[in-house]
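The lines below spell out each chain.
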Number of protein chains: 2
Amino acid sequence: MGEFELLAKLRERLPEAGPRIALGSGDDAAVTVPGGATATSVDAIVEGIHFRRGEADLATIGRKALATALSDLAAMGAEAGEAYVVLGAPSDLDEDGFHALLDGMLDLARATGTAIAGGDLTRAPVLTLAVTVVGHAPAPSDFVTRGGAAPGDLLVLTGVIGGAAAGRLLLDDPSLAPAVPEGAAARLRARQLDPSPRLRSGRALAQAGATAMIDLSDGLVGDAAHLARASGVGLEIEAGSLPLAKGVAEVAAAGGRDPLRLAVAGGEDYELLAALPADALGEASLRIGEAAETALTPIGRVKAGAGVEIRLPGGGRLEAAGYDHFGP
Amino acid sequence: MGEFELLAKLRERLPEAGPRIALGSGDDAAVTVPGGATATSVDAIVEGIHFRRGEADLATIGRKALATALSDLAAMGAEAGEAYVVLGAPSDLDEDGFHALLDGMLDLARATGTAIAGGDLTRAPVLTLAVTVVGHAPAPSDFVTRGGAAPGDLLVLTGVIGGAAAGRLLLDDPSLAPAVPEGAAARLRARQLDPSPRLRSGRALAQAGATAMIDLSDGLVGDAAHLARASGVGLEIEAGSLPLAKGVAEVAAAGGRDPLRLAVAGGEDYELLAALPADALGEASLRIGEAAETALTPIGRVKAGAGVEIRLPGGGRLEAAGYDHFGP
């Protein structure tokens with residue numbers, strides 16, 4: 001099958017039009033009528049760097065490519081709109097493989113209201129997926145940047161952390177699996193391989209008045225530092241408040257690692273870290289409850305100054321050496 | 001130097017804001033206020049497939065990545081707006097290399113009024129550049145798709161063709177170089193390595209009433225077939241009217257190839273093929289003259305039916321076997 005035939009077959013599976021799409025895939029460009037402000041982000045995953053074939057099926061890999069891109073829109077409080085996909089395909093990817101990748105992307109696209117509006121197909125030495133996503137809001141000021149946190153704000157976190165890093169440990173060293181029941185191990189591996197973008201939570205936090213927001217791709221400490229720098233503030237995080245994913249403590253212990261360090265330095269949880277005026281916490285919790293996607297946990301405070309400090313329950317601080325990034 | 005430091009250095013070189021950019025690179029997403037309709041296209045170039053390091057310097061490679069993406073916007077008659085760049089970097093790309101790639105992109109971005117508004121940096125086994133471009137127009141109907149050509153329309157072409165294919169022959173086989181003066185050989189190689197998106201010409205043709213348009217990436221015959229299929233028409237092209245780039249005939253002859261076949265099947269010229277009501281040719285020629293980018297040549301007609309026919313001066317037709325795609 002030639003490139004054009006394959007493209008035509010893949011295109012047939014894309015939706016004809018979305019709410020803002022005047023012309024979908026198949027012409028020189030897709031045409032949309034955004035009507036308001038757009039947030040645009042690009043994200044790429046590369047075989048051997050961000051994933052390994054064999055660890056996950058192709059549908060899951062396709063889903064992760066779209067999920068990590070959409071996570072950036074979640075962190076803006078955006079409504080997901082369109083996605084454009086560059087697929088670099090190695091020579092051993094057969095027609096079924098293309099369809100499986102698209103299966104995964106369409107699966108998540110449907111669940112999040114995203115329209116795959118265009119793409120490009122090329123040969124590449126390893127499987128490479130670069131995804132551009134466009135999100136929407138009525139006006140630019142409706143988006144939540146990393147830069148608006150103010151001293152006195154609370155720091156809140158969606159969901160649980162450390163799961164993706166523990167999942168990576170389990171994938172790298174299967175001998176650690178007996179440390180947790182198989183159901184828990186499977187959930188940890190899924191946190192690594194099949195993350196969920198927190199789009200509904202991001203919009204709930206934006207509507208509740210979040211002043212700054214970022215998604216956790218590099219790890220809590222690294223991403224908190226990005227937010228602190230962009231806002232020109234310091235952040236205090238209470239280690240005792242951090243919601244660790246179930247099984248993280250056991251897997252970390254079995255692997256000879258400190259669970260707290262794994263959780264704060266481990267990337268790819270794709271939860272949202274937000275700053276919020278203290279009086280907005282009730283509203284934010286209610287809206288997060290309504291979004292029914294994750295729980296919301298207050299984990300610290302915004303203060304004047306700079307940097308990120310992780311305070312231990314005993315009164316000390318986590319040393320900087322614990323902050324080493326863990327992940328790709 | 002770490003990834004974040006390098007990213008910060010590269011970001012410093014991007015413009016703070018463009019006419020529609022509310023927030024540029026550095027947050028989870030770039031924020032724009034499109035105000036009208038957008039045309040979005042993605043295009044990737046991969047080392048070893050679309051280019052070879054060594055044939056061109058990194059600035060030229062960066063420029064080509066943006067140029068091939070912008071060419072799709074030219075084919076819509078769009079005004080160039082924003083670009084988002086995924087850079088997959090092999091381990092031997094040093095800091096100077098990143099800056100050189102960006103030099104080339106910024107060079108073309110300035111010349112075309114494009115703002116590089118965001119990007120992603122990742123490791124990759126070979127140099128990979130995936131570029132998403134967003135173009136603008138007041139309304140969706142201002143864009144020219146591939147699908148509006150009607151029987152009776154003229155078929156017009158910007159610039160000259162065959163140059164990129166002849167340049168590829170010269171790059172692959174330096175022994176052909178004596179077939180043309182070195183200045184001409186250099187220009188042919190540049191057609192292959194450093195194409196120019198015909199943005200001003202595309203807008204001129206759109207404003208003159210073009211009914212359908214496509215850019216020549218796959219080659220005249222292949223791209224004409226896309227336009228014919230999308231419009232539900234047939235196309236007749238007069239081979240005697242085709243404007244071949246200077247030196248194509250000589251290089252083709254030296255390489256044992258038919259110049260006409262090379263020109264119609266050779267890809268990557270990135271000229272524009274458009275259908276136009278016959279009475280709009282004068283207006284289109286004047287506007288193309290004003291755009292001062294390329295010349296406009298009538299090369300055939302749109303008729304009822306299907307397919308693409310290339311009529312030879314003697315009265316015959318070019319056989320289908322001559323249409324084989326030449327290029328990546």
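What counts and what doesn't
- Residues numbered from 1 in each chain as written.
- Chains lettered and ligands numbered in written order.
- Predicted model: local features only at pLDDT ≥ 70, side-chain atom pairs only at ≥ 80, totals over all residues.
- Helix = DSSP H or I, 4+ residues; strand = E, 2+ residues; numbered from the N terminus.
- Domains from an automatic or database assignment.
- Contact = placed C-beta atoms within 7 Å.
- Nonpolar A, V, L, I, M, F, W, Y, C, P; charged D, E, K, R; others polar.
- Pairing = 2+ DSSP bridges.
- Expected span 1.5 Å × (residues − 1).
- Buried ≥ 20, exposed ≤ 12 C-beta atoms within 10 Å, placed from the backbone.
- Least-squares fit on C-alpha atoms with pLDDT ≥ 70 in both.
- pLDDT = per-residue confidence, 0-100.
- Axes fitted to C-alpha atoms, helices over the stretch in contact; angles between N-to-C directions.
- Parallel < 35°, antiparallel > 145°, perpendicular 65-115°, else oblique.

## A short note on the overall build of chain A
A tally of regular secondary structure across chain A gives 10 helices and 12 strands. In terms of overall dimensions, chain A has a C-alpha envelope of 65 × 50 × 30 Å along the principal axes.

## Side note on the domain arrangement of chain A
Residues and elements named next belong to chain A. For chain A, the assigned domains read domain 1 (3-142) and domain 2 (154-323). Between the C-alpha centres of domain 1 and domain 2 the distance comes to 26 Å. The interface of domain 1 with domain 2 comprises 19 residues on the first partner and 20 residues on the second. Of all the elements in the fold, those that place two or more residues in the side of domain 1 that touches domain 2 are helix 2 (58-74) and strand 4 (79-89). At 10 residues, the largest contribution of residues to the side of domain 1 that touches domain 2 is made by helix 2. For the side of domain 1 that touches domain 2, the class distribution of residues is 8 nonpolar, 5 polar and 6 charged.

## Overview of the interface of chain A and chain B
With 47 residues of chain A at the contact, the number on the chain B side is 47 residues. Looking at the side of chain A that touches chain B, the elements that each hand over two or more residues are strand 1 (21-23), strand 2 (30-32), strand 3 (37-46), helix 2, strand 4, strand 5 (115-123), strand 6 (128-137) and strand 8 (212-215) of chain A. For the side of chain A that touches chain B, the leading source of residues is strand 3 of chain A, giving 9 residues. Here the residues of the side of chain A that touches chain B sort into 26 nonpolar, 13 polar and 8 charged. Pairing of strand 3 of chain A with strand 2 (residues 30-32) of chain B, which is carried by 3 bridges, proceeds in the antiparallel orientation. Across the sheet, residue Ala39 of chain A finds its bridge partner in strand 2 of chain B, namely Val31 of chain B.

## Observations concerning helix 5 (residues 182-193) of chain B
Residue and element names in this part refer to chain B. Its 12 residues place the ends of helix 5 16 Å apart at the C-alpha level, agreeing with the 16 Å of an ideal helix rising 1.5 Å per residue. For helix 5, the complete set of buried residues consists of Ala184, Ala185, Leu188, Arg189, Arg191, Gln192 and Leu193. Residues of helix 5 that are buried in the fold lie against helix 2 (58-74), helix 4 (163-172) and helix 8 (248-254).

## Thoughts on the relation of the copies chain A and chain B
Each copy of the sequence occupies a distinct position, and chain A is placed on chain B by a rotation of 180° and an axial shift of 0.0 Å, giving an RMSD of 0.0 Å. Taken together, the turn and the small shift mark the pair as related by a two-fold rotation axis. Mapped onto chain B, 100% of the interface residues of chain A are again interface residues, and the two copies thus contact each other with one and the same surface.

## Examining the environment of Gly267 of chain A
All names here are of chain A. Among the secondary structure elements, Gly267 is positioned in the loop between helix 9 (259-265) and strand 10 (272-276). Note on Gly267: 21 C-beta atoms within 10 Å, which makes it buried. With 103 residues separating them in the primary sequence, Gly267 and Ala164 have C-alpha atoms 6.9 Å apart.

## Quick notes on the confidence of the model for chain A
Segments scoring low in pLDDT should not have their predicted coordinates read at a detailed level. Within chain A, residue pLDDT values average 93, and 96% of them lie at 70 or more. The ipTM value of the predicted complex is 0.92, and its pTM value is 0.94.

## Remarks on the packing of helix 2 of chain A against helix 6 (residues 199-207) of chain A
When two helices pack together, their arrangement is captured by the angle between the axes and the distance separating the axes. Residue and element names in this part refer to chain A. Axis separation between helix 2 and helix 6 bottoms out at 8 Å; the angle between their running directions is 10°. In terms of orientation, helix 2 lies roughly parallel with respect to helix 6. In this structure, helix 2 uses Leu70, Leu73 and Ala74 to contact helix 6, whose residues at the interface are Leu199, Ser201 and Gly202. For the contact of helix 2 with helix 6, a count of residues per class yields 4 nonpolar, 2 polar and no charged.

## A closer look at the environment of Ala69 of chain B
Residue and element names in this part refer to chain B. Inspection of the secondary structure assignment puts Ala69 in helix 2. According to the C-beta neighbour criterion, Ala69 is buried, with 27 such atoms within 10 Å. As a C-alpha pair, Ala69 and Ser41 span 28 residues in sequence and 6.7 Å in three-dimensional space. Every residue in contact with Ala69, bar those within four places of it in the chain, is listed here: Ser41, Asp43, Ala83, Val131 and Val133.

## Side note on helix 3 (residues 95-112) of chain B
All names here are of chain B. Counted at 1.5 Å a residue, the expected span for helix 3 with its 18 residues is 26 Å, and the 26 Å between its end C-alpha atoms agrees. Buried within helix 3 are the following residues: Phe98, Leu101, Leu102, Gly104, Met105, Leu106, Leu108, Ala109 and Thr112. The inward-facing, buried residues of helix 3 abut helix 1 (3-12), helix 2, strand 4 (79-89), strand 5 (115-123) and helix 6 (199-207). At the C-terminal side of helix 3, Gly113 shows a positive phi close to 70°.

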